[in-house]
Amino acid sequence: LWQISPKAIVSDACASYSTLERLNRNVKPALDDLTQTTDFFSHYRVNLFHKKCPFWDDENGMCGNIACAVETLDNEADIPPVWRASELGKLEGPRASHPGKSMQKEQPKRPLQGGLGDAVGESCVVEYDDECDDRDYCVPEDESAFSKGDYVSLLRNPERFTGYAGDGAKQVWDAIYRENCFQRSSFPNSAALGQDTSARGPAAMDFRAVIEAAGRQHVLEQQRQHNPLTPFVAKTGLEHEDECLEKRVFYRVMSGMHASISTHLCWDFLNQTTGQWQPNVGCYIGRLHKFPDRISNLYFNYALLTRAVAKLGPHLSERKDYTFCQGDFDQDVVTRAKVMAVTEQAASVPQIFDESLMFKNGEGPSLKEDFRNRFRNVSRLMDCVGCDKCRLWGKLQTAGYGTALKVLFELDNNDAADAPVLQRTELVALFNTYARLASSLNAIQKFREMVENAEAGKRVEER
Ligand code: FAD
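On a predicted model such as this, the values are computed, not experimentally measured, just so you know. (Residues numbered from 1 in each chain as written. Predicted model: local features only at pLDDT ≥ 70, side-chain atom pairs only at ≥ 80, totals over all residues. Heavy atoms only, no water.)

Side note on the overall build of the protein
- Along the protein, the regular secondary structure elements total 16 helices and five strands.
- Residues classed as buried in the protein amount to 54% of the 463 residues present.
- Long-range pairs, those at least 24 residues apart, make up 78% of the contacts in the protein with a sequence separation of at least 6.
- Accessible surface, the protein as shown: approximately 20,200 Å² in total, 50% of it carbon and sulfur. (Helix = DSSP H or I, 4+ residues; strand = E, 2+ residues; numbered from the N terminus. Buried < 20%, exposed > 50% of the residue type's maximum accessible area, 1.4 Å probe, protein only. Contact = heavy atoms within 4.5 Å. Areas by Shrake-Rupley, 256 points an atom, 1.4 Å probe, with all protein chains shown as cover.)

Description of the site of the ligand
- Within the structure, the ligand sits among 22 residues, and Arg160, Thr162, Ser255, His258 and Arg287 are positioned closest to it.
- Within the backbone of Thr162, one N or O atom sits 2.7 Å away from an oxygen atom of the ligand.
- Contact distances for the ligand include 2.8 Å between an oxygen atom and a side-chain N or O atom of His258.
- Considered on its own, the ligand offers 940 Å² of accessible surface; in the complex 80% of this is hidden by protein. (Near = heavy atom within 4 Å. Polar contact = N/O pair within 3.5 Å; in protein donor to acceptor, adjacent residues only side chain to side chain.)

Considering the sheet that holds strand S2 (residues 96-97)
- Sheet architecture is open: three strands sit in the order S1-S3-S2, paired in antiparallel fashion. Of all the strands in the sheet, the pair left with one neighbour each is strand S1 (43-46) and S2.
- Across two bridges, S2 lies against strand S3 (residues 150-153) in antiparallel orientation. Across the sheet, Ala96 pairs through a bridge with Tyr151, a residue of S3.
- Helix-sheet contacts for helix H15 (residues 388-410) involve S1 and S3, and the interaxial angle to S1 is about 90°. (Pairing = 2+ DSSP bridges. Axes fitted to C-alpha atoms, helices over the stretch in contact; angles between N-to-C directions.)

Examining the packing of aromatic side chains
- For the structure on display, the rule yields 17 aromatic pairs.
- Aromatic pair Phe40 and Phe41: ring centres 4.7 Å apart, planes at 55°, arrangement tilted. Neither residue differs from the other here; Phe40 and Phe41 are each classed as buried.
- A centroid spacing of 4.6 Å and a plane angle of 5° characterise the contact between Tyr284 and Phe447, whose relative ring orientation is stacked. Here Phe447 lies in helix H16 (residues 424-462) and Tyr284 lies in helix H11 (residues 281-289), a separation of 163 residues in the sequence.
- The class for Tyr284 is buried, based on a relative accessible area of 0%.
- Taken together, the ring pairs in this structure connect Phe250, Phe359, Phe371, Phe375 and Phe409 into an aromatic cluster.
- When the ring centre of Trp277 is taken as reference, the NZ or CZ atom of Arg160 above it lies at 3.7 Å. (Phe/Tyr/Trp six-rings, centres within 6.5 Å; stacked < 30°, edge-to-face > 60°. Lys NZ or Arg CZ within 6 Å of the ring centre and 35° of its normal.)

Topic: the environment of Phe353
- Topologically, Phe353 is positioned in the loop between helix H13 (329-346) and helix H14 (364-381).
- Judged by its relative accessible area of 1%, Phe353 is buried.
- As for Phe353 and Arg307, which are separated by 46 residues in sequence, their C-alpha atoms are 6.0 Å apart.

Observations concerning the nonpolar core
- In terms of nonpolar packing, the biggest core is built from 100 residues, with Phe41, Tyr302, Leu304, Leu392, Leu427, Phe431 and Tyr434 touching the most fellow members.
- Counting residues in hydrophobic clusters, the runner-up holds six residues, among them Ala96, Leu116, Val120 and Tyr151. (Core = buried A, V, L, I, M, F, W, Y, C linked by side-chain atoms within 4.5 Å.)

Section: the packing of H15 against H16
- Relative to each other, H15 and H16 sit at 105°, their axes nearing to 7 Å. Viewed along their axes, H15 and H16 adopt a mutual orientation that is roughly perpendicular. Residue-level contacts link Trp393, Leu396, Gln397, Ala399, Gly400, Tyr401, Thr403, Ala404 and Lys406 of H15 to Glu426, Ala429, Leu430, Asn432, Thr433, Arg436 and Leu437 of H16.
- Class assignment of the residues belonging to the contact of H15 with H16 gives a composition of eight nonpolar, five polar and three charged. (Parallel < 35°, antiparallel > 145°, perpendicular 65-115°, else oblique. Nonpolar A, V, L, I, M, F, W, Y, C, P; charged D, E, K, R; others polar.)

A look at the state of the cysteines
- Within the structure shown, the criterion is met by four disulfides.
- At a sulfur-sulfur separation of 2.2 Å, the disulfide partner of Cys124 is Cys325. Taking the sign of the S-S torsion, 120° for the link of Cys124 and Cys325, the bridge is right-handed. You can see Cys124 sitting in the loop between helix H6 (101-106) and S3 and its partner Cys325 sitting in the loop between helix H12 (292-318) and H13, a full 201 residues away along the chain. (Disulfide = S-S within 2.5 Å.)

Examining the pattern of salt bridges
- Under the criterion given, the structure shown has 14 salt bridges.
- The salt bridge involving Lys170 is made with Asp174; its shortest N-O contact spans 3.0 Å. One end of the pair is Lys170 and the other is Asp174, both in helix H7 (residues 166-178) and four residues apart, which spans about a single turn.
- Lys170 sits in the partly exposed class, given a relative accessible area of 49%.
- Asp174 sits in the partly exposed class, given a relative accessible area of 32%.
- A salt bridge links Asp370 to Arg374, with the nearest nitrogen and oxygen atoms 3.1 Å apart. With Asp370 and Arg374 both in helix H14, this residue pair falls four residues apart, about one helical turn. Across the pair, exposure class does not vary: Asp370 and Arg374 are buried alike. (Salt bridge = Lys/Arg side-chain N within 4 Å of Asp/Glu carboxyl O.)

Structure, rendered in structure tokens:
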């Protein structure tokens, strides 16, 4: 009853929301501890400012132009300047640049410029290229050291309402969902990037039985929707029954990420009348409550990340040579212990998502390649997000899902020595994306209670 199988990829009958919520009661505190109290996991290295949107012209006001964010607020002029979208979307706190090679030789344990704050152990934050060879999670540097981006504090820049909206934001989401067109890419730039988007076809046949079973499940689901005890039964786009499994998974990951972002902006919302940051139930109802499929996709992502983190756990513990904090033994031990606390919780339930059912047919490798290319396109699309904070979290979360898929599909279960090569940034992205989902699940439960209480209150009034 625990496992999310391909059948559940279409309907969520197997892993109930309450199962995942129960798990989250233990996972979330461990994740919060890891991401909020360790220097390693509370800072992210990201190239936020030096890349142009590769898909359309950022200068045309549709994307990358802060005006597209400002436009959407109805009465911008009435809003105090500090609450305007342009301000809310800005990054806060000190940033440190990635150290160049020569700088590393001269001053091996300090970032090139800026500082991340007195309390931050830079040895637990900054990645030194000349130590890459000794680590398991580094990839060779392919560009100049300076292009690797800046280190930013995730704690100082929480994912929350920024006011970024309108045509610019819509254009990015539309392009993300268009990337889901595996058979015939309607995304003009995929071809321009030299990526093969046509490697599909018979794969869909392999899952016909699954789809048929899902059809039967759909009837059951419709019956369950009339049951007041299951208000959030999934209705996950069965209108697209001809879609193959991989395509559905791709869509669900994107939609689940979108739902998680929406949850956070509704949960940590700025009331522009009072200046208070507070949950906005109307925002939740309009973006999530009315769309059970979006909530279902969010839970799907939670199950997927849980499986990836559980799978990675033994590899992290066995690799005692992996150092989280160079030159700071105590912090290194503490950080590793907190990582293990999360992975052990994630592994405390029976296998929750069965990745072995994907990429199974004769076309497997090319489908995987296609899937990977589409993910890369989505991460490139993040350079088209016209709000710094949204771009930071968009980049982090696409990298987090990318890492989860890498662990799920590239890591051979039977070979402990075959751990995938993960960069520091991938580890930080993976655990922070998991933490975002844990926080979304929590917020959704609270929102649901608020809606139920409001409805109960209304019924009492009507009597
Ligand atoms: P949008 O959320 O823009 O959705 C566009 C359309 O997509 C909808 O009309 C609907 O048809 C469809 N859709 C919506 N949700 C889903 C879903 N879960 N699954 C499938 N389809 C869906 N704003 C912030 O305030 N803070 C942030 O941190 C932030 N981060 C962002 C990160 C990225 C990468 C992007 C692209 C945008 C971000 N935004 C952020 C903007 C935010 O996501 C919305 O775009 C904005 O609030 C406008 O919302 P909307 O109601 O117009 O619909």
